[in-house]
Structures are given as structure tokens and as C-alpha cells.
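Coordinates in review
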Amino acid sequence: MNGFVKMGNVIILGSQWGDEGKGKIVDLFSARFDIVARYQGGHNAGHTVVVGDKKFVLKLIPSGILHAGKKAVIGNGLVIDPAALLGEIDALESAGVEVRGNLFISNRAHVLFPVHRMMEKLSEARPGRVSIGTTSRGIGPCYEDKMGRRGIRIADLLNPGIFRAQYDSVMEEKVVIAKALGIYEEMDLKSIRDEYEAFAARIRPMVRDTSMLLNQAIRDGKTVLFEGAQGTMLDIDHGTYPFVTSSSASAGGACTGTGVAPTRISGVIGVSKAYITRVGGGPFPTEALDATGDMIRKRGNEFGAVTGRPRRCGWFDVPLLRYTAAINGFDSLVVTKLDVLDELESIPVCTGYRSGTHEVAEMPPTVAEIEKVEPVYEYVPGWRAATFGVSSYDDLPEKAKAYVAFLESRTGVEVGCISTGPERNQTIVRPGSRFEKLVGQRNSG
Ligand code: GDP
Ligand code: IMO
Ligand code: MG
């Protein structure tokens, strides 16, 4: 990344339903920042980074950790399963990545317990409830405890006196509820408590007031890249509720989830596939349930990085992108997986929503209304040539450039970066774009 000077603090987040390729993009551009900070979610996230012949799937740890010496922060907005976190640290360290010394964990992040996975059966397996198709990691119930003001935070976990009393009281309540609702499963709560006390000892050296750490770093002239998990359409407020995750995946979440003010953020970048996917239940206007959908799943290897579930595949959805661009104020868009469309003769792009004879101008707020929406397609000619690995815009086939230009003109957002493969060097940054200005500007010299 020589030849670039550092700019301000930037948020990179998902503009669709997750799995847009955020991990690859954050990893690549974290080289130009000092600190990478995650601001929400938990180990429901799976961010894949390919470096040479090594593949890493990051769940709780920011993707920037793979660059030697970069600092990584797990912000207060996350829910942390300590077993998952320590497992991830061990796996990275055994692959030669230096984690301890570079990773800082917020003392205000919430702690996820096995009992949260048990409580998830309330939303996923109880008769009469529509299953969301969660990742079954206990994420929703842990955020419920946070908002219910009975959550246990990392700072509490580190204080044995406080932790024991809090833990016993919260668990007692859970057992009563689980038994009453018939979802109780036998668990040895005392030995889980002992286990968490052992986790606390291992986590302690990494725990900080990360809000103060980030703000001090910014005052010292250092730059922060904020990494979103999930995507805007899975955001608890702005997504396809209730088929969403339980956190604020959109740009506002970066401030509440780290304690860094909006006045310190220079820009927001959305990551989008050249098409679209979703895992789990919920409305999906442009879903392709035919052979082309299967072809995308195969070529794009669209299987969940966390659960292995096949991802539902569909066509680029302009109204959806315009909606998420408005909510996040995207300065620039990264379009990933362009190569997956290489073989198509004609590429459908949904450029509008209709309901009967009416145009649907805004993203409807309810699942029932979104399910009724009929996508209006325009067909863009395919390029039928290999773009896999192309790293310069000029080397793209003219029709691939035209597809990108079409997305830009319909969404109203610049496409400043294009990804043509999972590896770092399979990436195009468009010279003179806002993207280039935000993630690092070329030195004049
Ligand atoms: P994230 O959750 O947004 O980080 O995305 P995931 O890692 O869950 O899913 C993206 C998948 O696509 C991963 O397997 C990446 O290695 C892969 N990937 C990322 N960018 C590209 C690309 O431009 N082309 C191809 N073919 N694969 C890509
Ligand atoms: P990354 O960060 C795609 C989906 C689940 C389910 C819904 C709620 O890799 O993009 P949860 O376990 O969070 O309560 O599940 O959200 N989901 C994701 N889909 N990518 C993710 O993360 C996701 N994290 C959660 O499939 O539909
Ligand atoms: Mg993912």
C-alpha cells in the first residue's frame, strides 16, 4: 500500500443481507488504517479472508488483525461468547497471526452464555412461532438481556464478586422461564460459571475502555476503519423485521457500538455483491429460484461461512440498494463477485418495485408488503468473458464496465471499487474515485 497517504475514519459495512464480501475488503484496506474496529454482532458473523493459500473465517475479531502490527478493537456493541473468542484467537495464533498485544476488547461489551442458545428455541422451535432461521448462536437472546438491562458485561465478568451474584440471579430466572415454556435443557450452571471465570482470566489482559482508547488514538492522529457485520437489511431497525439480526448493522451502529462520535467519521462505504444473497428466512423480492439461481450459488460458492447453509441467490436489487444507501449515506460502493456473472448472456437487474399497477416507491415496512412486491427487471447484456482476478478497470470487458455504470446510474452511488476474486490482489480501485480518497489518497510524489 505504498504511495498512499492516510485519510480519516471510515465505516465499511454490508449494503444487502450480509455476506457481501466485507471481510475481504476490510482486510485489504485495513493496511491503510491504524486500527480496525468491529461495532456490533457476534459470532453469527463469518468474514472470509483469503491470503495466498490460507483461508481465515473471522467471526468476532476484526478482519484487520491479519496485517502485522495493526490494532483491532471489539467494541461495546458486540455480544461475546468467550469460548468462541478464545477459540478464534487460538486458531489465528496457531496459523502464525499475532493476536494478543494487538486485540483490545471493550469492557462494556456483553457476554453470551450457553443459556442464550437454549432461549433461542423460543424464537426458532416453538409451535406457532415463525422461525427466523438464525445462526443458533444465542445472539438474539443475549441482546434481549442487554436491552432488558439484565445483561452481564465483560467488566462484570472480570469482577468475581459481582459476576457470581449477577450470574446466579440471571440464570435462576432463565431456568424458571425455560421450564415454564418447555424449552429447558439440562445444564450444569455451576460448572459453566467456573468455566467463565477461567475465560475471564484469559481475556483480562485484552480488556480496555475501548471508547477511550479509540478517541485517544484519533486525537493522536491515528485512523480507524469500522467494520460492520451482517448487512443493513438485517439491521434491527431498518431491515426486513422480524427477519433481521438483533443489532445495529447500519452506519449509526458504528458510533453507538464503539463510543466514537459521528463528528469523527469521514465517510461510509457500502459493500454489495454484483447480485444478492440471503441466508435464513424472510422476504426476498429478486430471489432466483431457477437454474440460474443454482448456477450463481455454485459459481459464487454461496454457502454460509458460519453454518454451511446454502445461501438464497437473486438479482441486484436497485430499490433495496437505494434504500440502504439513504440510511447509511454511502459515499461509495464496493461491488464484489463480479466474476461470478462472467458466463451470463443477459443479467437481470431489478430497477423498480410494483404492486399490481402501482409503483412502490419506498421500501415497505412490513414483511407482508415486501412479499407482495413484484420486481421490475431491466436486462443488461452479459460480457461472457473472464473477469476473475482482473485488477485494473481498463482491463475489464466493455460490457462489464457498462454493467458497473448501469448500477451506478440506477443506484445514484459511485462504484469506487470492484472485486473480481477472493484474494487481495483481485481487486480494482477506480482512480479518482471517492473510494480512493476515503481509504487512502495517492501521494503526489
Ligand atoms: P462477509 O461476511 O461479508 O465477509 O462475506 P463472506 O466471507 O461470508 O462471503 C463472501 C465469500 O465470497 C467468501 O467466500 C469470499 O472469499 C468470497 N469472495 C469475496 N469477494 C469475492 C469476489 O470478488 N469473487 C469471488 N469469486 N469470491 C469472492
Ligand atoms: P456476516 O457478517 C448473513 C442472518 C441469519 C438469520 C438472521 C438472524 O457474515 O455478513 P442471528 O443468528 O443473527 O440472530 O440470525 O440473520 N445472519 C446473517 N446472514 N451474514 C451474516 O453475517 C449473518 N449473521 C446473521 O441467517 O437470517
Ligand atoms: Mg459472512
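Residues numbered from 1 in each chain as written. Chains lettered and ligands numbered in written order. Predicted model: local features only at pLDDT ≥ 70, side-chain atom pairs only at ≥ 80, totals over all residues. Heavy atoms only, no water.

Notes on the pairing of strand E2 (residues 9-14)
The side chains of a regular strand alternate between the sheet's two faces. Short version of the rule: Buried residues are those whose accessible area, probed at 1.4 Å on protein chains only, stays under 20% of the maximum for their type, while exposed residues exceed 50% and partly exposed ones sit between those limits. Secondary structure elements are defined from DSSP: runs of H or I of at least 4 residues count as helices, runs of E of at least 2 residues count as strands, and each element is numbered from the N terminus. What makes two strands pair is DSSP finding at least two bridges between them.
Counting buried residues along E2, six of its six residues qualify, which places the element largely inside the surrounding structure. With burial as the criterion, each face of E2 is covered, one bearing Asn9, Ile11 and Leu13 and the other bearing Val10, Ile12 and Gly14. Sheet topology places E2 next to strand E12 (residues 265-273); six bridges connect them, and they run parallel. In the sheet register, Ile12 faces E12, and the bridge partner there is Ile269.

Remarks on the domain arrangement of the protein chain
The condition is simple: How far each domain reaches was decided by an automatic or database domain assignment. Note on contacts: a residue pair qualifies if any of its non-hydrogen atoms lie within 4.5 Å across the two residues. The term buried area means the drop in 1.4 Å probe accessible area that two parts suffer when joined, counted for both and summed. A carboxyl oxygen of Asp or Glu within 4 Å of a side-chain nitrogen of Lys or Arg is what we treat as a salt bridge. Two N or O atoms count as a polar contact when they lie within 3.5 Å, although within protein this holds only if one can serve as hydrogen donor and the other as acceptor, and sequence-adjacent residues are included solely when both atoms are side-chain atoms. When residues are sorted by character, Ala, Val, Leu, Ile, Met, Phe, Trp, Tyr, Cys and Pro go into the nonpolar class, Asp, Glu, Lys and Arg into the charged class, and all the rest, Gly among them, into the polar class.
For the protein chain, the domain assignment lists domain 1 (8-107 + 209-442) and domain 2 (110-206). Counting residues at the interface gives 34 residues for domain 1, matched by 24 residues for domain 2. Carbon and sulfur atoms make up 63% of the area that domain 1 and domain 2 hide from each other, which totals about 2400 Å². By the criterion of area lost to domain 2, the three top residues of domain 1 are Val79, Pro82 and Leu86, representing 23% of everything that side buries. Here domain 1 and domain 2 share two salt bridges between them. In this structure, Arg202 and Asp90 form a salt bridge, with 3.0 Å as the shortest nitrogen-oxygen distance. Linking domain 1 with domain 2 are twelve residue pairs in polar contact (both at pLDDT 80 or more), by the criterion used here. Those elements giving two or more residues to the side of domain 1 that touches domain 2 turn out to be strand E7 (79-80), helix H2 (82-94) and strand E8 (103-106). Of all the elements, H2 adds the most residues to the side of domain 1 that touches domain 2, at six residues. Looking at the side of domain 1 that touches domain 2 residue by residue, the class counts come to 15 nonpolar, 15 polar and four charged.

Notes on the site of ligand 1
What counts, and what does not: For this description, a residue counts as near a given molecule or strand if any of its non-hydrogen atoms is within 4 Å of it. Accessible areas in this description were obtained via Shrake-Rupley with a 1.4 Å probe; residue shielding takes into account the shown protein chains only.
In the vicinity of ligand 1 lie 16 residues, with Lys22, Gly23, Thr48, Asp339 and Ser419 positioned nearest. Gly421 is positioned such that a nitrogen or oxygen atom in its backbone is 3.0 Å from an oxygen atom of ligand 1. The protein chains hide 92% of the 580 Å² of surface that ligand 1 would expose on its own. Looking at the shell around ligand 1, the elements that each hand over two or more residues are helix H1 (22-30) and strand E4 (47-51). Among the elements that make up the shell around ligand 1, the one with the highest residue count is H1 (three residues). Here the residues of the shell around ligand 1 sort into one nonpolar, eight polar and seven charged.

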